[in-house]
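# An overview of the molecular structure
One letter stands for each residue in the lines below.
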Amino acid sequence: MKKAATLLLSGLLLSTAFAASAAIKQTKGDFEDKFRQLDEVQPTANVYRNAAGEPGHQYWQQQVDYVIEAKMNEDKRRVEAKEAITYKNNSPDTLRYLWVYLDQNRFRTDSMAIRSQTFGGVGTRGPVTNAASGSKPAKMSLSYLRQQYALNDVPLGFDISNVKDVNGNDLKYTIVGTLMRVDLPKPLKSGETFKFSLNFDFNVLEENAVSARSGYEHFPDDEREGGNDIFLFAQWFPRLAAYTDYEAWTNKEFLGRGEFTLEFGNYDVTMEVPADHIVSSTGVLQNPDDVLTKTQMARLEEAKDAKRPVFVVTEEEALENEKEGTNKKKKWRFTAENVRDFAWATSRKFMWDAKGYHQGGEDQPFVMAMSFYPKEGGDLWKKYSTESVIHTMEVYSRFSFDYPYPMAISVNGPVGGMEYPMITFNGPRTKLQDDGSRTYTQAEKRFLIGVVIHEIGHIYYPMIVNSDERQWTWMDEGINSFFDGVAGQEWDPNIPWGVEPRDIVGYMKGQTQVPIMTQSDSILRFGPNAYTKPAAAYKILRETILGRELFDFAIREYSRRWKFKRPTPTDFFRTMEEASGVDLDWFWRGWFYSTDHVDISIDKVSKLRLDTKDPDIDFARLRQEELDKPMPVTVERNAEEGKTWVERNPDIRDFYDENDRFTVTNKERNSYKKWLDGLEDWERETFIRAVEEDKNYYVMEFSNIGGLVMPIIIDATFADGSVERHVYPAEIWRRSPKAVKKLLVSDKDLVSVEVDPRWETADVDVDNNHYPRKIIPSRIETYKSKKRTGKVYRDIMQDIKTELKTDEEDKKDD
């Protein structure tokens, strides 16, 4: 009883301490503590997630296994399927219902996503629209019109039926937008398993029209392009929502921007498609003898040890597939273990190449890297897709863990870039020219390599380090954008990858910034907030604040701890601090919880010289300082005109004509000796040494205009041409966050000071980084003035003479 009382008291004291911490408030003065600890806003550590940022000793997560049989009707562009689900309740809670994601319902015309879509405005995703402004008419892009037609011409969303338990009994279910609640026949206790099944059908939407992360793409039926479709399937089956220790059911409506929060499980999926289709999928193909030729299987075997990708389906074979067409069907069966999702692609247009990656290690020593793409991919895909897949694994594994799956796949289709376990969708292509050749721009090359790296990188984050995308997009997009920058610069440092701190300054000083910690659907500018800004933050941590050794160790520890588990932001923040040994609360608070920006200005530099106290030295210096001052204009001109009384009356002189106010007397000398004799021995030695060394004391004054505290990095340039780099840690601002002074002592003459000379802190205004101020180079263009004509009127009298062109004449003009 006494022990229990003690524990209770300890708990009360701990709770009181946290309450007191949360209640801290500055009420006097304008001091703002930029270094307040994040304990005030972070959840208290517990048995599921400990204070070090790692899974606690009672950490748990649910498991969901799926068996799915799907049939794709190519002509109707419709999928009909059934799935059997096994749900294992590993939580300590008793569950009375299950929540299921119905993501296809987002595209129903009565969905919350469609009904809450605004006409233009900040943060609007998709086709561009603008409301009317003054005398200017509203604008609506043709892409927007196309989207409206695509959403309305064909019924979209899931058709759900036959929701039954393992014994065939009907289960009560309720559909709520993009969610479905399945009521359990009896409470599901901790450690128990529940099995149920359902049928689902849906019409496949046109991805190019809707921008949906999946769907079909139709190729024009003409001589140049051929025809046929590519189908990409993602968010294509009802999936169990995650049940977590920090939020319980993650049953937030799918609005399109905040992505997915899912459970790990095992999958067994069979897809029935036209017999001439090639299927690419999450998982390992279980029936190659049924769907591949002996030649194709032999090529796959050859690819395992090939130096360059080997074609499993060649371009010529893919072109023949496009021409033929068939009414026959084939079933492809794939299984995948310990994945959080499942996606696939199918088309008769696909050529297919593969190359083995021998990564070694115990978990998955061999990985098959593969790419699937139509002829439109051309040499761009042949040369770079599969090689980029392997490069990604080589780089990412150094910072995290060995790639744990047997496959890593890049598929070309209508989706610009999207990721799923073992498979990614990537968009860049070549352009067919009039001479029949296919070319691509340098930007397309960079786009392909970059997007493949980014999407394959997502298999690490969040497909394995399973963060909650619906809540915190930045947790996977930010870290992945950082790493794809590392991998991109290791691929070719001469390509501008857009991953430097300088690349985020425009957003950080803008008025549409929101904190990184904003929930995904409420972010105003998605790309800069969830991708670029956190990526820049990590780069600054690695290169400027922690250094590579500490950062790399900490990020590797975070990845290892949360491999196949679900971290929260607090777990990430705590792990990075605990593993690096550096207090970073100021950094997280500034970069992730605020909209402050970096703008450190150097306002003034003063040169000081130590007074020697010796009157013979100090008075001589004062006299010289007086002589070095500019002569007043009036005195100079009077002297030139001979108007001074002293010059006109040289016969009148006294003591002060020979002795100025800087003349030294013995009184000052005696006073100096007495002062020197009165010092302690150590004081006298210190003072005499300083006088003898006669160094320059420079006081540099900095102001923090942007509000975000950061290290102050300076280059000090001296008269002899030498440059010294000085780095003052962010803690310099801890007691004075708005302005600080720093002393620089040197025996050299300082000429100039530059703040952040290598642009590594995301300082938004480099103009105030120089002292003395620097002339800023820029550009100016000339232009020819246009005559003011007012309103433009049609000259109908002339235009009526114009002849109507035929279609053939139009083509010639093009």
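Residues numbered from 1 in each chain as written. Predicted model: local features only at pLDDT ≥ 70, side-chain atom pairs only at ≥ 80, totals over all residues. Heavy atoms only, no water.

### Side note on the pattern of salt bridges
Our working definition: Salt bridge, as used here, is a side-chain nitrogen of Lys or Arg placed within 4 Å of a carboxyl oxygen of Asp or Glu. The numbering of helices and of strands both runs from the N terminus, where a helix is a DSSP run of H or I of at least 4 residues and a strand a run of E of at least 2. Buried residues are those whose accessible area, probed at 1.4 Å on protein chains only, stays under 20% of the maximum for their type, while exposed residues exceed 50% and partly exposed ones sit between those limits.
Tallied over the entire structure, the rule returns 56 salt bridges. Among the ionic pairs, lysine 164 bridges to aspartate 170, the shortest N-O distance being 2.5 Å. Note that lysine 382 and glutamate 315 form a salt bridge whose closest N and O atoms lie 2.6 Å from each other. Of this pair, lysine 382 sits in helix H8 (residues 378-399) while glutamate 315 sits in helix H7 (residues 315-324), placing them 67 residues apart in sequence. Classification of glutamate 315 by relative accessible area gives partly exposed; the value is 22%. Through salt bridges with shared partners, a single ionic network connects Glu54, Glu557, Arg560, Arg561 and Glu578.

### Examining the nonpolar core
Which entries qualify depends on this criterion: Side-chain atoms within 4.5 Å are what join buried Ala, Val, Leu, Ile, Met, Phe, Trp, Tyr and Cys residues into a set we call a nonpolar core. Working rule for contacts: check all heavy atoms of both residues, and any pair within 4.5 Å makes them a contact.
By size, the foremost hydrophobic cluster in this structure holds 189 residues, and its most contacted members are Trp236, Phe425, Phe587, Trp591 and Phe592. When residues of this core are assigned to their parent elements, the largest contribution, nine residues, is made by H8. Among residues more than four places away in sequence, those in contact with phenylalanine 587 are Ala537, Ile540, Leu541, Ile545, Phe592 and Met710. Counting eight residues, the second largest nonpolar core, distinct from the first, contains Ala150, Leu156, Leu205 and Val210.

### Let's talk about helix H3 (residues 142-153)
Note the following rule: Helix span, expected: 1.5 Å multiplied by one less than the number of residues in the helix. Directions drawn from the helix axis to the C-beta atoms are what define this arc.
With 12 residues, H3 extends 16 Å between its outermost C-alpha atoms, agreeing within 8% with the 16 Å of an ideal straight helix rising 1.5 Å per residue. All buried positions along H3 are accounted for by Tyr144, Gln147, Ala150 and Leu151. Buried residues of H3, seen end-on, are gathered within an arc of 120° and therefore sit on one face of the element. The outward face of H3, more than 90 degrees from its buried face, is lined by the exposed residues Leu142, Tyr149, Asn152 and Asp153.

### Looking at the sheet that holds strand S31 (residues 723-728)
Applicable threshold: We treat two strands as partners when DSSP finds at least two bridges between them.
The four strands are arranged S31-S30-S33-S34 in an open sheet whose pairing can be described as antiparallel. Two strands bound the open sheet, and with one partner strand each, they are S31 and strand S34 (770-771). Looking at chain direction, strand S30 (residues 712-718) and S31 are connected through six bridges and run antiparallel. Paired with isoleucine 713 across the two strands is valine 727, which belongs to S31.

### Describing unusual backbone geometry
When glycine is set aside, most residues are seen to have a negative phi, and most peptide bonds are trans. Along the chain, tyrosine 461 connects to proline 462 via a cis peptide bond; the corresponding omega equals 15°. Structurally, the position occupied by proline 462 is in the loop between helix H9 (442-458) and helix H10 (474-491). Geometrically, the link from tyrosine 771 to proline 772 is a cis peptide bond, its omega value of 0° lying close to zero. Of note, proline 772 is situated in the loop between S34 and helix H21 (796-799). Phi is positive for lysine 613, which is not a glycine, with a value near 70°. As for its placement among the helices and strands, lysine 613 is situated in the loop between strand S28 (600-609) and helix H16 (615-628). Unlike most non-glycine residues, alanine 762 shows phi in positive territory, near 65°. Position of alanine 762 relative to the elements: it lies in the loop between strand S33 (750-755) and S34. Note on alanine 762: relative accessible area 1%, which makes it buried.

### Some points on the packing of H10 against helix H12 (residues 526-545)
Where we set the bar: Angles shown run from 0 to 180 degrees and are taken between the N-to-C directions of axes, each axis being a line fitted to C-alpha atoms and, for helices, limited to the stretch in contact. An angle below 35 degrees is read as roughly parallel, one above 145 as roughly antiparallel, one from 65 to 115 as roughly perpendicular, and any other as oblique. Helix crossings get a hand from a simple test, with the near helix turned counterclockwise from the far one by less than a right angle marking a left-handed crossing and a clockwise turn marking a right-handed one. Note that Gly is not counted as nonpolar here; it falls among the polar residues with everything else outside the nonpolar set of Ala, Val, Leu, Ile, Met, Phe, Trp, Tyr, Cys and Pro and the charged set of Asp, Glu, Lys and Arg.
Following both chains from N to C, one finds H10 and H12 inclined at 60°, their axes separated by 7 Å at the closest point. It follows that H10 is oblique to H12 by the angle criterion. Handedness of the H10/H12 crossing: right-handed. The residues of H12 that touch H10, namely those facing Trp474, Glu477, Gly478, Ile479, Ser481, Phe482 and Gln489, are Ala530, Tyr531, Pro534, Ala535, Tyr538, Lys539 and Arg542. Across the contact of H10 with H12, the residue classes tally to eight nonpolar, three polar and three charged.

### Quick word on the packing of aromatic side chains
Our working rule: Side-chain rings of Phe, Tyr and Trp, where Trp is taken by its six-membered ring, are said to pair if the distance between their centres is within 6.5 Å; with planes under 30 degrees apart they count as stacked, over 60 as edge-to-face, and otherwise as tilted. Criterion for a charge above a ring: Lys NZ or Arg CZ within 6 Å of the ring centre, and within 35 degrees of the ring normal.
In the structure shown here, the tally under the stated rule is 58 aromatic pairs. Summarising the aromatic geometry, the rings of tryptophan 332 and phenylalanine 334 are spaced 6.5 Å apart at their centres and angled 5° between planes, so their arrangement reads as stacked. One exposure class covers both tryptophan 332 and phenylalanine 334, and it is buried. Across the ring face of phenylalanine 260, the terminal group of arginine 239 is positioned such that the distance to the ring centre comes to 4.8 Å.

### With respect to the pairing of strand S19 (residues 329-339)
Where strand S15 (residues 265-274) lies against S19, nine bridges are found, and the strand directions are antiparallel. From the neighbouring strand, aspartate 268 faces S19, where its bridge partner is threonine 335. Note: strand S17 (residues 284-285) against S19, two bridges, orientation antiparallel. Residue pairing in the sheet places leucine 285 in a bridge with phenylalanine 334 of S19.

### Re the sheet that holds strand S10 (residues 215-218)
Strand order in the open sheet made by the four strands is S10-S11-S20-S16, with antiparallel pairing throughout. Edge strands, defined here as strands with exactly one partner in the open sheet, are S10 and strand S16 (278-281). For this sheet, the mean inter-axis angle between neighbouring strands, taken without regard to orientation, is 15°. Two elements, S10 and strand S11 (residues 229-233), share four bridges in a ladder whose sense is antiparallel. From the neighbouring strand, glutamate 217 faces S11, where its bridge partner is isoleucine 230.

### Overview of the environment of serine 141
Let me state the cut-off plainly: Side-chain atoms alone can form a polar contact between residues adjacent in sequence; in general such a contact is a pair of N or O atoms within 3.5 Å, and within protein one must be able to donate a hydrogen while the other accepts it.
In this fold, serine 141 is placed in the loop between strand S5 (139-140) and H3. Spatially, the C-alpha atoms of serine 141 and aspartate 353 are 38 Å apart, while their sequence positions differ by 212 residues. Here tyrosine 144 takes part through its backbone nitrogen, which lies 3.0 Å from a polar atom of the side chain of serine 141.

### Some details on the confidence of the model for the chain
Put simply, the rule is: For every residue, the predictor assigns a confidence score, pLDDT, that lies between 0 and 100.
In this model, the chain carries a mean pLDDT of 91, and residues with pLDDT of at least 70 account for 93%. The low-confidence segment residues 1-22 (pLDDT under 50) makes four contacts with residues lying over four places distant or belonging to another chain.

### A few points about the pairing of strand S23 (residues 407-412)
Defined as follows: A crossover gets the label right-handed when its path from the first strand over the helix to the second runs clockwise, viewed with the strands pointing away from the viewer.
Counting buried positions along S23 yields six of six residues, so the element is predominantly enclosed. Judged by which residues are buried, S23 turns out to be covered on both faces: Met407, Ile409 and Val411 on one side and Ala408, Ser410 and Asn412 on the other are all buried. Pairing of strand S22 (residues 366-373) with S23 involves five bridges; the strand directions are parallel. Bridging across to S23, methionine 368 finds its partner in methionine 407. Once you follow S22 into H8 and on to S23, the crossover reads as left-handed.

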